[in-house]
Amino acid sequence: MAALEDRIRHLMAEETAGLHVPPDLGLRVMRSARRRRRRSVLAALATTVAVAGAAPFYLAAVAGSGPAPIVTETPPPPPAVDDLPPTGRPTQKDLGDLGDGKAFGHVKVGYLPEGLRWQNWSVDFGDSYSTGYDYKGDKHGFYCVQIYVFEDEAVLEVDDRISIHRQEGEGQEVVIGDRTGYMVVQNVGEDGMKGTPTLFLDMGERRRAEISFSPVYAKDLRTSEAVDRELRKIAEGLTSTD
Amino acid sequence: MSGGAEDDFGAFVAARATTLLRLAHLACGDRAEAEDLLQTALERTYRNWNKVRHDSPEPYVRRVIVNTAISRARRRAILRMIPVRVLPDTPARSDDVDLREVLMDALRALPPRQRAVVVLRYWEDLSEQQTAQVLGCAIGTVKSQCSRALVKLRAALGEESVEGVVGHGRA
């Protein structure tokens with residue numbers, strides 16, 4: 001055995017000898033996992049109740065980050081579910097009248113692709129919120145762009161999802177100005193289309209944004225280069241307001 | 001999850017978490033981040049416990065820790081935030097504490113995948129094949145990354161025998 005390798009082992013053993021986990025780590029992990037699961041269940045139930053069987057992307061994204069059984073409890077989505085509008089959420093909190101929709105929660109949208117308007121809907125889960133944009137500003141129309149913001153504890157969930165994408169090698173790291181992001185095509189819908197181009201943007205330690213194009217809108221943009229370019233431009237213009 | 005499965009998970013954490021925390025610390029080079037890495041990995045394991053528990057769960061957790069550490073390090077590297085430190089020209093050799101610091105600095109300075117290879121090979125005592133499986137790469141990649149890493153560590157620790165190190169790394 002080479003002396004260097006023995007030496008490395010010896011030094012590693014010394015370096016880590018003082019490290020011990022707290023005795024209640026297992027309980028803490030289980031509690032934390034249950035908390036996340038409860039939040040995902042609530043999101044999934046909200047989806048089920050609010051959209052009467054449809055599961056638009058803006059909520060499916062949250063449900064998708066939770067444990068698998070939650071997904072199976074949601075009624076099977078109809079065709080082109082990825083592009084269904086978020087409609088009728090009588091019990092759902094929202095962000096109110098956002099005007100042109102370019103400022104919501106703690107973020108401001110500095111750039112939207114030409115022709116897009118706020119869709120007059122939003123959802124507000126407290127530590128995560130979202131809204132969308134389409135050609136007509138029609139809350140019942142197909143969404144083109146959706147921005148989902150995650151804050152505080154919710155950041156952990158989205159980081160976990162990004163981490164899984166990374167491990168599966170499904171996307172790519174991107175640099176947006178002085179910020180970083182991760183671009184991936186998520187297979188959120190089950191409509192047989194090519195999926196939902198998404199850019200996860202790191203907006204600081206306690207904030208992430210998930211910018212997504214519906215498959216239909218991505219198709220409108222014609223090329224993957226155009227999709228990439230527009231996603232990046234929206235990300236560049238997305239800033240915190242606090 | 002059933003009570004029995006939760007008991008199993010609790011027993012697994014009680015038995016193996018300290019070892020896994022040490023792996024996480026070596027993989028990322030920072031104690032606080034190591035704790036976060038471990039918690040993240042264990043939560044993911046807990047969510048998949050019904051699938052994972054019947055095999056050996058430890059390799060699963062190890063894989064999550066190492067690959068998450070690599071992902072995070074790469075992410076920081078993009079922003080040039082990785083605390084890459086300049087290695088001293090003359091390695092400190094006054095005592096083991098100094099050498100430990102030199103080793104940890106040298107480990108932090110390695111590219112993430114090279115660091116992971118060193119930790120898996122010399123801390124976890126995994127074979128080249130097992131290391132390749134954890135990292136999802138070819139055995140040849142493990143060999144070349146290990147060889148390069150050892151050359152850098154040798155230089156940092158002031159080892160004399162370059163040939164011996166490189167030779168073993170290629171074995």
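Before any of the text, the structure's been laid out above.
Residues numbered from 1 in each chain as written. Chains lettered and ligands numbered in written order. Predicted model: local features only at pLDDT ≥ 70, side-chain atom pairs only at ≥ 80, totals over all residues. Heavy atoms only, no water.

Asker: Any chance you could explain the environment of Trp123 of chain B here in plain terms?
Answerer: Checked against the element boundaries, Trp123 of chain B lands in helix H6 (residues 112-123). For Trp123 of chain B, a relative accessible area of 21% translates into the label partly exposed. Residues Trp123 of chain B and Ala27 of chain B lie 96 residues apart in sequence; the distance between their C-alpha atoms is 10.0 Å. Not counting residues within four places of it along the chain, the set of residues in contact with Trp123 of chain B comprises Arg9, Met12, Ala13 and Thr16 of chain A together with Arg22, Leu23, Leu26 and Val118 of chain B. (Helix = DSSP H or I, 4+ residues; strand = E, 2+ residues; numbered from the N terminus. Buried < 20%, exposed > 50% of the residue type's maximum accessible area, 1.4 Å probe, protein only. Contact = heavy atoms within 4.5 Å.)

Asker: I tried to follow the sheet that holds strand E3 (residues 117-124) of chain A on my own but got confused; where do I start?
Answerer: In a beta sheet, neighbouring strands are held together by backbone hydrogen bonds and run either parallel or antiparallel to one another. Residues and elements named next belong to chain A. Strand order in the open sheet made by the 7 strands is E3-E4-E5-E9-E8-E7-E6, with antiparallel pairing throughout. Of all strands in the sheet, those with a lone pairing partner are E3 and strand E6 (171-176), marking the two edges. Each strand of the sheet is rotated relative to its neighbour by a mean of 20°, with strand direction disregarded. In the sheet, E3 pairs with strand E4 (residues 128-134) via 5 bridges, with the strands oriented antiparallel. The residue of E4 that forms the bridge with Trp118 is Tyr133. (Pairing = 2+ DSSP bridges. Axes fitted to C-alpha atoms, helices over the stretch in contact; angles between N-to-C directions.)

Asker: Help me understand the environment of Arg63 of chain B, please; the structure alone is not making it clear to me.
Answerer: Here Arg63 of chain B lies in helix H4 (residues 57-78). Each C-alpha atom of the pair Arg63 of chain B and Ala41 of chain B lies 8.8 Å from the other, and the pair is 22 residues apart in sequence.

Asker: Honestly, unusual backbone geometry in this entry has me stumped. Any pointers?
Answerer: The phi dihedral of Arg222 of chain A is positive, around 75°, even though this residue is not glycine. Locating Arg222 of chain A in the fold gives a position in the loop between helix H6 (215-220) and helix H7 (224-237). For Asp125 of chain B, which is not glycine, the phi torsion reads 55° and is therefore positive. Looking at the element boundaries, Asp125 of chain B is found in the loop between H6 and helix H7 (128-135).

Asker: In this structure, what is going on with the pairing of strand E8 (residues 196-202) of chain A? I would like to understand it.
Answerer: Side-chain direction in a regular strand flips from residue to residue, so the side chains alternate between the two faces of the sheet. Residues and elements named next belong to chain A. Counted residue by residue, E8 has 7 buried out of 7 residues, so it is predominantly covered. Side chains of E8 alternate between two faces, with Thr196, Thr198, Phe200 and Asp202 and Pro197, Leu199 and Leu201 buried alike. For strand E7 (residues 179-186) and E8, the ladder comprises 6 bridges, and the chain directions are antiparallel. If you follow Val184 over to E8, its bridge partner there is Thr198.

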